[in-house]
Structures are given as structure tokens and as C-alpha cells.
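Take a look at the letters that make up each chain.
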Amino acid sequence: QVQLVESGGGLVQAGGSLRLSCAASGFTFSSSTMSWYRQAPGKERELVASITSSSEGGGTKYADSVKGRFTISKDNAKNTVYLQMNSLKPEDTAVFSCNANAWIWPRWRDFWGQGTQVTVSP
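Residues numbered from 1 in each chain as written. Predicted model: local features only at pLDDT ≥ 70, side-chain atom pairs only at ≥ 80, totals over all residues. Heavy atoms only, no water.

Novice: Can you tell me about the nonpolar core, naming the residues and giving the values?
Specialist: Membership of the largest hydrophobic core comes to 29 residues, with the highest contact counts inside it found for Met34, Trp36, Val81, Leu83, Met85 and Phe96. Counting only elements with at least two residues in this core, the list comes to strand S3 (18-25), strand S4 (33-39), strand S5 (46-51), strand S7 (70-75), strand S8 (80-85), strand S9 (94-104) and strand S11 (116-121). Looking at this core element by element, the count peaks at five residues for S9. Not counting residues up to four positions away in its chain, the partners in contact with Phe96 are Glu6, Leu20, Trp36, Tyr37, Arg38, Val48, Phe70, Leu83, Met85, Gly115, Thr116 and Val118. (Core = buried A, V, L, I, M, F, W, Y, C linked by side-chain atoms within 4.5 Å. Buried < 20%, exposed > 50% of the residue type's maximum accessible area, 1.4 Å probe, protein only. Helix = DSSP H or I, 4+ residues; strand = E, 2+ residues; numbered from the N terminus. Contact = heavy atoms within 4.5 Å.)

Novice: Before we move on, could you go through the pattern of salt bridges and cite the residues and values that matter?
Specialist: Side-chain pairs of opposite charge can arise whenever the charged atoms involved come near each other. Applying the stated criterion across every chain yields a total of four salt bridges. For Arg38, the salt bridge is made with Asp92, and the minimal N-O distance between the two is 2.9 Å. Of this pair, Arg38 sits in strand S4 while Asp92 sits in the loop between S8 and S9; the two residues are 54 residues apart in sequence, bridging distant segments of the chain. Taken as a pair, Arg38 and Asp92 share a single burial class, namely buried. A salt bridge links Lys67 to Asp64; its shortest N-O distance comes to 3.1 Å. The exposure classification of Lys67 matches that of Asp64, with both residues exposed. (Salt bridge = Lys/Arg side-chain N within 4 Å of Asp/Glu carboxyl O.)

Novice: Outline the packing of aromatic side chains, listing residues and values.
Specialist: Scanning the entire structure with this criterion turns up three aromatic pairs. Relative to Phe29, the ring of Phe27 lies with its centre 6.4 Å away and its plane at 45°, an arrangement referred to as tilted. The class for Phe29 is buried, based on a relative accessible area of 2%. With centroids separated by 5.7 Å and ring planes inclined at 70°, the aromatic side chains of Trp103 and Trp108 adopt a geometry described as edge-to-face. The partly exposed category is assigned to Trp103, whose relative accessible area is 42%. It is Arg45 that lies over the ring of Tyr37; its NZ or CZ is 5.8 Å from the centre. (Phe/Tyr/Trp six-rings, centres within 6.5 Å; stacked < 30°, edge-to-face > 60°. Lys NZ or Arg CZ within 6 Å of the ring centre and 35° of its normal.)

Have a look at this one:
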């Protein structure tokens, strides 16, 4: 059974930092692409950052709006993906969700965590 459990959200002032964590289980974490998405009220869900599997080189990509401020990383030994968020802005306020693109025979599947609220005050 695949589980993704996010933590680390909260309320922070503009300019502050938060680190989100997503603990994964039920699939081969090291072989999976892990991503963070966010959805603000009244807006579409958007991809914030992703990191490929170890076999694919662990490459990362970011939304233009967070480049230089956010960093995604993963710890295969702990089956955990992180999102370090610095220089937070009020427009970063959203529910952040962890996504796994994992091989569950016989195909690749997408799984989602429950989400964690990030609120940035002016």
C-alpha cells in the first residue's frame, strides 16, 4: 500500500523559510520520480519542483516562480523527499502536496499525499 505523508507546513512571515518533508512507503522510492505540487485558493494545481530517480541521475526542475528560492532533495535511505523553501513570499501561500510517479506492476502510476498548508504572511 503506497503512502505519502507530508509534514513541515505552517505559518511563516514573508522572507522566512520552511522545509517540507514527504515520507514515502509501499513502492521503490529510489526508482521513482518525486515531485511537489501546490494549489492556491481559486487556482490550478501547479508543479513546484521535481527530482528524478537515482538511475535517471537525480535531475531536478523547478517552476520559474521558485527558482533560486526552493530546493528539492531526496534521501533514498529514509525514503523521504524534501522541499526547502527560502525567501518565502505571500504568493507562495498554498496547499503543498507530494507526488510519486512509481512503478507498480504493470505500469507507472501517480500517487498523492494529503497535502500540507503553507501560509506566508506579509
